[in-house]
Amino acid sequence: MEKEAMKSLLEIIDQQVSSSILGGMEEQYEELERLGYIRIDRSSVQHSSSITPEGMEFLYHDEE
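The notes below deal with the structure included here. The shown structure was predicted, so the numbers you read here are calculated from the model rather than taken from an experiment.

Time to look at the overall build of the protein. Scanning the protein from terminus to terminus reveals 3 helices and 3 strands. Written out in order from the N terminus, the α and β elements of the protein read α-β-α-β-β-α. In the protein, which comprises 64 residues, the share counted as buried stands at 30%. Long-range pairs, those at least 24 residues apart, make up 49% of the contacts in the protein between residues at least 6 apart in sequence. When the accessible surface of the protein is totalled, it reaches about 4300 Å², and 48% of it is carbon and sulfur.

Put into structure tokens, the structure is as follows:
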């Protein structure tokens, strides 16, 4: 996933307390999780994600 696409998805997640995983985008969310930028909650039928401190750092402090 490109850096700008990652930042765009992280912005969506950051704007919500718990962001439902958008249909068809599981692979992108899983990539962000592998990088440590989000945590996926798989305990309910509709999986959701939340941004981690590492994700906040990447989103707001990473230099272009």
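Now, onward.
The next point concerns the side chain of threonine 52. Relative to the assigned elements, threonine 52 resides in the loop between strand E3 (48-51) and helix H3 (53-61). Look at threonine 52 and you get buried, because its relative accessible area is 4%. Those residues within four positions of threonine 52 in sequence are excluded, and the remaining contacts are Gly36, Tyr37, Ile38 and Arg39.

Axes are the key here: two packed helices are described by the angle between their axes and the distance separating the axes. Between helix H1 (residues 3-14) and H3, the shortest axis-to-axis distance is 10 Å and the interhelical angle comes to 120°. Considering only the axes of H1 and H3, their crossing is left-handed. Facing Lys3, Met6, Lys7, Leu10, Glu11 and Asp14 of H1, the residues of H3 in contact are Gly55, Met56, Phe58, Leu59 and Tyr60. Counted by class, the contact of H1 with H3 contains 6 nonpolar, 1 polar and 4 charged residues.

Calculation rules
Residues numbered from 1 in each chain as written. Predicted model: local features only at pLDDT ≥ 70, side-chain atom pairs only at ≥ 80, totals over all residues. Heavy atoms only, no water. Helix = DSSP H or I, 4+ residues; strand = E, 2+ residues; numbered from the N terminus. Buried < 20%, exposed > 50% of the residue type's maximum accessible area, 1.4 Å probe, protein only. Contact = heavy atoms within 4.5 Å. Areas by Shrake-Rupley, 256 points an atom, 1.4 Å probe, with all protein chains shown as cover. Axes fitted to C-alpha atoms, helices over the stretch in contact; angles between N-to-C directions. Left-handed = near helix turned anticlockwise from the far one by under 90°. Nonpolar A, V, L, I, M, F, W, Y, C, P; charged D, E, K, R; others polar.

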